[in-house]
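Here's the letter readout for the chains.
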Amino acid sequence: MKRTLWLEDGTSFVGTAFGASVETIGEVVFQTGMTGYQEMLSDPSYCDQLIVLTNPLIGNYGVNREDFETTVPMAKGLIVKEVCDTPSNFRSTATLHDTLKRFNIPGLAGVDTRMLTRHLRSLGVMRGVMVDGDSTWETVKHRFDVLLPTNQVERVSTKRAYVSTGSGPRIALIDFGAKLGIMRELVKRDCEVVVLPHDVTAEEVMRYEPDGVMLSNGPGDPKDVPTALPLIERLMPTLPIFGICLGHQLIALASGANTFKLPFGHRGANHPVVELETGAVTITSQNHGYAVDEASLATTGLVVTHRAVNDGTVEGVKHLNHPTFSVQYHPEAAPGPYDANDLFDRFMQLVQENKQKVGI
Ligand SMILES: NC(=O)CC[C@H](N)C(=O)O
């Protein structure tokens, strides 16, 4: 079946439908990872986005039961050059087509995704709709009359607190759209993890007597999550805090810094990041459309610890007086290399040091 992606600037890309048969609207973003389509689709940070994959062949290792980042994927669509219907991998239990159908996500194949990416790189990310059958700009343009929702975090966060038991430190994981990868890393380190909704108050967090707090990744504009700012402000002087991606942006906002939207974001599996103190470069997995404004950090007590090698934007900060640090990239992901993973060990160390300091 013919399916077309229309961008809000009137450009169209015609291809073939796969996955679910539903019309969709979302922000069109590109991802340069050669693998990881299952993780991308199920990463809640892609909520309300149509993901364009630059790698030309997608689906060839299928989909398995273990690599999901959440139970209900929230991406709005997947756009590929060629989709593989005959995956070959001993872990595979489903095709990409069947998985998209199951989660009601439409796919579009047969598109020159590199051309589409160049378009988004030069003009910036924009909204797009996918429609089936014949369509013209006249028939689709009214679909752009509505703005995309801004309540993504509320939609993807857990509604209730839940616990994963462990014999190690108790970590409160504030779920702004947390990837299961974060949970896996904490569980691997024997943590007892208390997952809490995005709008939890500092008093509620303290009632669990956590040894440390993780602020998760999540979708949308960090400025759309104002309830998190007083929470973070209150917790920072008291408990060790580790923020990832949206969590990192929220730490910056809570400290009085600013964030801004990048023209086309960083989404891929090989983004080099330099740690300023050591000069060490880490190859990281990234997925963000916003970044912390470096100039605005001046009077916040936060200092830059990491920087993107490609465009120099802030990739990590730490607080000078509080046990708080955060990164814009994803140490819970293993885009081939595992070099970023040690940040979870650093967090565990910070938690232990703080426990000794306060005598518990
Ligand atoms: N992966 C994330 O947490 C992304 C954070 C934020 N939604 C952004 O796009 O910048």
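By the naming in an unreviewed UniProt entry, the protein chain is Carbamoyl phosphate synthase small chain, taken from Exiguobacterium mexicanum. Its UniProt record gives the protein chain a comment under Subunit (unreviewed entry), which states: "Composed of two chains; the small (or glutamine) chain promotes the hydrolysis of glutamine to ammonia, which is used by the large (or ammonia) chain to synthesize carbamoyl phosphate. Tetramer of heterodimers (alpha,beta)4."

1. Overview of the site of the ligand
Every one of the 13 residues lining the ligand counts as a neighbour, but Gly218, Gly220, Cys245, Asn287 and Gly289 are closest to it. In this structure, serine 45 approaches the ligand through a side-chain N or O atom, which is 3.0 Å from a nitrogen atom. In the model, an oxygen atom of the ligand is placed 2.8 Å from a nitrogen or oxygen of the glycine 289 main chain. Surface burial for the ligand is 98%, taken as the share of its 290 Å² of free accessible area covered by protein chains. Counting only elements with at least two residues in the shell around the ligand, the list comes to helix 9 (246-254) and strand 16 (281-292). With 4 residues, strand 16 is the largest single contributor of residues to the shell around the ligand. Classifying every residue of the shell around the ligand gives 4 nonpolar, 9 polar and no charged.

2. Topic: a nonpolar patch on the surface
A grouping of Val281, Ile283 and Val309 is seen on the molecular surface, where their side chains present a nonpolar patch of about 220 Å² in accessible area. Residue classification places valine 309 among the partly exposed residues on the basis of a relative accessible area of 44%.

3. Quick word on the UniProt feature "active site" (unreviewed entry) in the protein chain
The UniProt record annotates "active site" (unreviewed entry) at Cys245, His330 and Glu332. Their sequence span is 88 residues, while the largest C-alpha to C-alpha distance among them is just 11.0 Å; these annotated residues converge on one region. Looking at where cysteine 245 falls in the secondary structure, it is placed in the loop between strand 14 (241-244) and helix 9. Relative accessible area serves as the criterion here: at 4%, cysteine 245 is assigned to the buried category. Not counting the four nearest positions on each side in its chain, cysteine 245 is found in contact with Asn217, Asn287, His288, Val327, Gln328, Tyr329 and His330. With respect to the secondary-structure elements, histidine 330 resides in the loop between strand 19 (324-327) and helix 10 (342-358). Those residues in contact with histidine 330, other than ones at most four positions away along the chain, are Lys179, Asn217, Ile244, Cys245, Ser285, Gln286 and Asn287.

4. Section: the pattern of salt bridges
Taken as a whole and judged by the stated rule, the model has 22 salt bridges. Note that arginine 91 and aspartate 67 form a salt bridge whose closest N and O atoms lie 2.9 Å from each other. Remark: aspartate 67 occurs in the loop between strand 5 (57-58) and strand 6 (77-79) and arginine 91 occurs in the loop between strand 7 (82-83) and helix 2 (96-102); sequence separation between them is 24 residues. Arginine 91 sits in the partly exposed class, given a relative accessible area of 31%. On the basis of relative accessibility, which here comes to 19%, the residue aspartate 67 falls in the buried class.

5. Section: the packing of helix 6 (residues 180-188) against helix 10
The N-to-C vectors of helix 6 and helix 10 enclose an angle of 55°; their axes lie 10 Å apart at closest approach. Considered as vectors, helix 6 and helix 10 are oriented oblique to each other. The crossing of helix 6 and helix 10 is right-handed. Between helix 6 and helix 10, the contacting residues are Ile182, Glu185 and Leu186 on the first element and Phe344, Phe347 and Met348 on the second. Residue composition of the contact of helix 6 with helix 10, grouped by class: 5 nonpolar, no polar and 1 charged.

6. Details of the nonpolar core
With 32 residues, the main nonpolar core has Ile174, Phe176, Val205 and Val213 as its most contacted residues. Among the elements that take part in this core, helix 9 stands out by supplying 6 residues, more than any other. Apart from the residues lying within four places of it in its own chain, the contact partners of isoleucine 174 are Leu196, Pro197, His198, Val200, Val205, Val213, Met214, Leu215, Ser216 and Leu231. The next biggest cluster of nonpolar side chains, apart from the first, holds 23 residues, and it includes Met214, Val327, Tyr329 and Met348.

7. What to know about the sheet that holds strand 10 (residues 162-164)
Taking strand neighbours across the sheet as the criterion, the 10 strands line up as 10-12-11-13-14-19-18-17-15-16 in an open arrangement whose pairing is mixed. The open sheet is flanked by strand 10 and strand 16, the only strands paired with a single partner. Each neighbouring strand pair of the sheet contributes to a mean axis angle of 25°, computed without reference to strand direction. In this structure, strand 13 (residues 212-215) lies alongside strand 14, joined through 3 bridges in parallel fashion. Considered in strand 14, the bridge of methionine 214 is made with phenylalanine 242.

8. A few points about the UniProt feature "domain: Carbamoyl-phosphate synthase small subunit N-terminal" (unreviewed entry) in the protein chain
As recorded in UniProt, the sites labelled "domain: Carbamoyl-phosphate synthase small subunit N-terminal" (unreviewed entry) are residues 1-131. Between the C-alpha atoms that bound residues 1-131 the distance is 11 Å, and the span itself is 18% helix and 34% strand.

9. Considering the sheet that holds strand 8 (residues 106-109)
Pairing is mixed around the closed barrel formed by 7 strands, whose spatial order is 1-2-8-6-4-3-9. Looking at each pair of strands side by side, their axes are set apart by 35° on average, direction ignored. In this sheet, strand 8 lies alongside strand 6 in parallel orientation, the contact comprising 2 bridges. Residue pairing in the sheet places leucine 78 in a bridge with glycine 107 of strand 8.

10. Brief notes about helix 8 (residues 228-235)
The set of residues buried in helix 8 consists of Ala228, Leu231, Ile232 and Leu235. Along the axis of helix 8, the buried positions cluster into a sector of 90°, meaning they face one direction only. Looking at the buried positions of helix 8, the neighbouring elements they touch are strand 11 (170-175), helix 7 (202-207), strand 13, strand 14 and helix 9.

Rules used throughout
- In every chain, residue numbers begin from 1 and rise along the written sequence.
- In keeping with the model being predicted, local features are shown solely for residues with a pLDDT of at least 70 and side-chain atom pairs are shown and tallied solely at 80 or more, while totals for entire chains, interfaces and linings include all residues.
- Only hydrogens and water are set aside; all other atoms, that is, all heavy atoms of the structure, feed into the side-chain values.
- UniProt positions are given in the numbering used here, feature names are shortened, and annotations may be inferred rather than shown by experiment.
- For each residue, the test is whether any non-hydrogen atom lies within 4 Å of the molecule or strand; if one does, the residue is near.
- Two N or O atoms form a polar contact when they lie within 3.5 Å of each other; inside protein one atom must be a possible hydrogen donor and the other a possible acceptor, and for residues adjacent in sequence the pair counts only when both atoms belong to side chains.
- Under the convention used here, a 1.4 Å probe and the Shrake-Rupley method define accessible areas, while residue burial counts only the protein chains that appear.
- Under the scheme used here, helices are H or I runs from DSSP no shorter than 4 residues and strands are E runs no shorter than 2 residues, and both carry numbers assigned from the N terminus.
- The classification used treats Ala, Val, Leu, Ile, Met, Phe, Trp, Tyr, Cys and Pro as nonpolar, Asp, Glu, Lys and Arg as charged, and all other residues, Gly among them, as polar.
- Here a patch means residues that are over 30% exposed by relative accessible area and free of salt bridges, tied together within 9 Å if like-charged and within 5 Å if nonpolar (Val, Leu, Ile, Met, Phe, Trp, Tyr).
- When a carboxyl oxygen of Asp or Glu is within 4 Å of a side-chain nitrogen of Lys or Arg, the pair counts as a salt bridge.
- The buried label goes to any residue with under 20% of its type's maximum accessible area, the exposed label to any with over 50%, and the partly exposed label to all in between, with areas taken from a 1.4 Å probe on protein chains only.
- Here a residue-residue contact requires only that any non-hydrogen atoms of the pair lie within 4.5 Å.
- A fitted line through C-alpha atoms represents every axis, and for helices the fit uses only the stretch in contact; the resulting angles, taken between N-to-C directions, go from 0 to 180 degrees.
- Roughly parallel means an angle under 35 degrees; roughly antiparallel, over 145; roughly perpendicular, 65 to 115; everything else is oblique.
- The crossing is said to be left-handed when, going from far helix to near helix, the turn is anticlockwise and less than a right angle, and right-handed when the turn is clockwise.
- As used here, the term nonpolar core means buried Ala, Val, Leu, Ile, Met, Phe, Trp, Tyr and Cys residues forming a set that is joined through side-chain atoms within 4.5 Å.
- Two strands are counted as paired when DSSP detects at least two bridges linking them.
- To obtain the arc, one takes the directions from the helix axis to the C-beta atoms.

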